[in-house]
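A structural walkthrough
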Amino acid sequence: MGVDMRRIHASAADALAVVSPVDAPAYLWELRGLVAAHGIELVIPTVNAELLTASVAREGFAPGVEVLIADPAPMSIANDKYLTMGCLATAGVGVPDFGLPGDFSSMNEAMARMGGCLVVKPRVSRGGREARVLKRHSDGGRNAERFWRSLDDSWLVQRCASGTGYASMVHRDGAGHDHDTLVVVLEKSELTRGRSDNVVPLKRLEASMAPDVARTAAAATEALGLTGAAAIDIRRMPDGRPVVVEVNARFGANSAYAPELLEHAMRQYAAGQMLRGAV
């Protein structure tokens, strides 16, 4: 069964249902009601806005219902991009220079300290593609400066990582066994104009083609304490070093490139290996 907050006409699901938006008081009651009414045994949250809600509320579903999501504590960190960057940096996982708008007296200071163009994005995802690249154009950076002045500390500031981008998908065992951590790396071949997060096309890489990227993605999920599925966006710095620019603790939009991650999760579920409190 698939659910959405609006009626859709085409889907691979056997059944579709409409629910309230995630921030509506009725959302959880509606979702739990559908699970109970249709005998659903496994719930897979896939929308950023619902991840923390689903993790905190997973014990409130009917007995025997599993929710494929990490613990609330790591989910709380992964839900906040600034906390994510801080946690990864502390653990020694590569990240671009980062901060909050309030850490800088002006955009010029931020650019000077971070070596040029900046990426700014809301700390907590609001849905859709929200990242903005701020750099100097022929107008001397006036448009970028105007946007900078609208920011508060609910936004994250990052140094632009200008090298090759990768969409890495990870499934980490709830027991934390390294041999049960699966990683698939997709190379982002082309940036669309003016956007840092909208990329086409994607090319799946063999394991030997970007092993440092795969190691970085696996290390990020371990550092954050995430289990289950995670989508890790990684880019290379000018010196070639891979850095994590964003983490989404869910099956991502590119999951069709890596069907084995969902298959692995289903095998764990069928074998009763999804430990309550771990996945």
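Residues numbered from 1 in each chain as written. Predicted model: local features only at pLDDT ≥ 70, side-chain atom pairs only at ≥ 80, totals over all residues. Heavy atoms only, no water.

1. Digging into the pairing of strand β6 (residues 118-122)
Of all five residues making up β6, five are buried, and the element is well covered by its neighbours. Across the two faces of β6 the burial is the same, with Leu118, Val120 and Pro122 and Val119 and Lys121 all buried. Two elements, β6 and strand β7 (residues 132-134), share three bridges in a ladder whose sense is antiparallel. Across the sheet, residue Val120 finds its bridge partner in β7, namely Arg132. One ladder, built from five bridges, connects β6 with strand β8 (residues 155-159); its direction is antiparallel. Bridging across to β8, Val119 finds its partner in Gln158. (Buried < 20%, exposed > 50% of the residue type's maximum accessible area, 1.4 Å probe, protein only. Helix = DSSP H or I, 4+ residues; strand = E, 2+ residues; numbered from the N terminus. Pairing = 2+ DSSP bridges.)

2. Observations regarding the sheet that holds strand β13 (residues 242-248)
If you trace the five strands from one edge of the open sheet to the other, you get β11-β10-β9-β12-β13, paired in antiparallel fashion. What marks the edges here is a single partner per strand, and that holds for β11 (202-204) and β13. Within this sheet the neighbouring strands show an average axis-to-axis angle of 30°, counted without direction. Relative to β13, strand β12 (residues 228-236) runs antiparallel, the two being bridged by six bridges. Bridging across to β13, Asp233 finds its partner in Glu246. Here helix α7 (residues 211-224) sits on the sheet in contact with β9 (165-172), β10 (182-188), β12 and β13, set at roughly 130° to β12. Against the sheet, helix α8 (residues 259-270) engages β9, β10 and β11, with an angle of about 10° to β9. (Axes fitted to C-alpha atoms, helices over the stretch in contact; angles between N-to-C directions. Contact = heavy atoms within 4.5 Å.)

3. Let's talk about the environment of Pro72
Here Pro72 shows up in helix α3 (residues 72-78). Placed 16 residues apart in sequence, Pro72 and Val56 show a C-alpha to C-alpha distance of 5.5 Å. Apart from residues lying up to four places away in sequence, Pro72 is in contact with Leu52, Ser55, Val56 and Arg58.

4. Things to note about the state of the cysteines
Summed over the entire model, instances satisfying the criterion amount to one disulfide. Residue pairing for Cys117: its cysteine sulfur links by disulfide to Cys160, the two sulfurs lying 2.3 Å apart. One end of the pair, Cys117, is in the loop between α5 (107-114) and β6; the other, Cys160, is in the loop between β8 and β9, and 43 residues separate them in sequence. Look at Cys117 and you get partly exposed, because its relative accessible area is 26%. Cys160 sits in the buried class, given a relative accessible area of 13%. (Disulfide = S-S within 2.5 Å.)

5. Considering the nonpolar core
Counting residues in each nonpolar core, the largest one holds 39 residues, and the members touching the most others are Leu88, Leu226, Ile232 and Val244. When residues of this core are traced back to their parent elements, those giving at least two are α1 (27-37), α2 (48-57), α3, α4 (81-90), β9, α7, β12 and β13. Ranked by residues supplied to this core, first place goes to α1 with five residues. Met111, Ala144, Trp148 and Leu151 belong to the second largest nonpolar core, which has 14 residues in total. (Core = buried A, V, L, I, M, F, W, Y, C linked by side-chain atoms within 4.5 Å.)

6. Details of the pattern of salt bridges
Counted according to the given criterion, the structure contains 10 salt bridges. The residue Arg204 makes a salt bridge to Glu260 at a minimum N-O spacing of 2.5 Å. Here Arg204, found in strand β11, pairs with Glu260, found in helix α8; they are 56 residues apart in sequence, far enough to count as distant. Connected via shared salt-bridge partners are Lys81, Lys121 and Glu246. (Salt bridge = Lys/Arg side-chain N within 4 Å of Asp/Glu carboxyl O.)

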